[in-house]
Amino acid sequence: MALAARFAVTVGAILVLGLAGGATAGARAEPAVALDRTQVALGEELAVRLAGWPPGNVLVELCGNGADRGSIDCAVGTGVTAAVRADGSGSVALTVSTPPSGCPCVVRVRPILSGVTVTVPVVVRGVPVQPAPPAGRVPTALAASGVRVAGAGSSWASIFGGPAHRTVTVTLNNTGQAPVLAPRLRLTSGRPGRTDVIVPAPGIELLEPGQRRTFDLPVTFGAPTWGRYAVRGELLGADQPAVFYAHTYSYPWGLLVLPALAIGLAMRRRWRRIG
């Protein structure tokens, strides 16, 4: 009932904004967000409508944990950008995917650069509700640092558009006050914003409080390779999981050199015949 009531209030706010737009031409209302329904299943599209926003671009994401920790709780890989028109309105379809954290789930809308962030609750079928930590239990937390990528330009195959091999180095830290037993490292790769290829990840037995472990993670981007690529990592198993990104590129400049060489050789043979 609470979710339905909050949804009704949000929709009512948008209707009021629309009706009062002519009378308040000199003042802009508070940003509001409305969804086409309060319950949705994984893989479905959710219609998101905006009103009262400053013109520009906003990012729309599905988040778990009420988005209390910001992007670390959000399914950033399936977030979408919506354009806000001059009258403060906009709309976009958001594909619902599993957030890094369990529900309570929300749709979070925030400007690309800076400004007010608005969240609207939504029930996502198929995503479990994240239980609250028991009273008196020591919280656990994980973090990632020192992320870097090596191997750009070192593969002859990638120079001609073949598979590109990279090594992502990351240091995983237990920043909490209790040990984390068997944390799970989940890696995916692909184009920025579409990292949907699963990458094999090493197992981790235990991280004690304050302990750090550095991993060199081999990643291969399948042929044909061209442009920018990304690797997304999640370290799960603690109250506060760690999410990290690594970016790299692969440009098959060898494919551009070969035609130039062929033209040069052809012209050389022609000059020899003329001479």
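Up top is the structure these notes are about.
A short tour of the structure in this document, coming up. Worth saying up front: this structure is predicted, and the values here are computed from it rather than measured. (Residues numbered from 1 in each chain as written. Predicted model: local features only at pLDDT ≥ 70, side-chain atom pairs only at ≥ 80, totals over all residues. Heavy atoms only, no water.)

Our focus in this paragraph is the pattern of salt bridges. Applying the stated criterion to the full structure yields 5 salt bridges. When the shortest N-O distance is used, the salt bridge between E44 and R37 registers 3.3 Å. Of the residues examined, E44 reaches a relative accessible area of 29% and is grouped as partly exposed. Look at R37 and you get partly exposed, because its relative accessible area is 26%. Via salt bridges that share partners, D36, R37 and E44 belong to a single interconnected network. (Salt bridge = Lys/Arg side-chain N within 4 Å of Asp/Glu carboxyl O. Buried < 20%, exposed > 50% of the residue type's maximum accessible area, 1.4 Å probe, protein only.)

A few words now on the state of the cysteines. Tallied over the entire structure, the rule returns 2 disulfides. The side chain of C103 participates in a disulfide bridge whose partner is C105; the two sulfur atoms lie 2.0 Å from each other. Note on the C103 and C105 pair: the S-S dihedral is about -85°, so by sign convention the disulfide is left-handed. Judged by its relative accessible area of 5%, C103 is buried. (Disulfide = S-S within 2.5 Å.)

Turning our attention to the sheet that holds strand β4 (residues 56-63). The strand order across the open sheet formed by 5 strands is β2-β8-β7-β4-β5, and the pairing between neighbours is mixed. The two strands at the open ends of the sheet, each matched to only one other strand, are β2 (39-41) and β5 (80-84). The sheet shows a mean angle of 35° between the axes of neighbouring strands, direction not considered. Across 5 bridges, strand β7 (residues 105-111) lies against strand β8 (residues 118-125) in antiparallel orientation. (Pairing = 2+ DSSP bridges. Helix = DSSP H or I, 4+ residues; strand = E, 2+ residues; numbered from the N terminus. Axes fitted to C-alpha atoms, helices over the stretch in contact; angles between N-to-C directions.)

The 4 strands are arranged β13-β12-β16-β17 in an open sheet whose pairing can be described as antiparallel. Lying at the two open borders of the sheet, with one neighbouring strand each, are β13 (194-199) and β17 (242-250). Across the sheet, the axes of successive neighbouring strands diverge by a mean angle of 30°, strand direction being ignored. The sheet contact formed by strand β12 (residues 184-191) and strand β16 (residues 227-236) spans 7 bridges and is antiparallel. Looking at the pairing, R184 lines up with L236 of β16.

Our focus in this paragraph is the packing of aromatic side chains. Aromatic ring pairs are defined here through the distance separating the ring centres and the angle between the ring planes. For the structure shown, the criterion picks out 3 aromatic pairs. Taking 4.8 Å as the distance between ring centres and 35° as the angle between the ring planes, the aromatic pair formed by F221 and Y229 counts as tilted. A relative accessible area of 4% means that F221 is categorised as buried. (Phe/Tyr/Trp six-rings, centres within 6.5 Å; stacked < 30°, edge-to-face > 60°.)

Quick look at unusual backbone geometry now. The omega angle of the peptide bond from C103 to P104 is 20°, so this bond is cis rather than trans. Its location among the elements puts P104 in the loop between β6 (90-95) and β7. A cis amide bond links A223 with the next residue in sequence, P224, at an omega value of -5°. By secondary structure assignment, the location of P224 is in the loop between β15 (212-221) and β16. Positive phi values are uncommon outside glycine, yet A182 reaches one of about 50°. With respect to the secondary-structure elements, A182 resides in the loop between β11 (180-181) and β12. Take A182: its relative accessible area is 39%, and that puts it in the partly exposed class.

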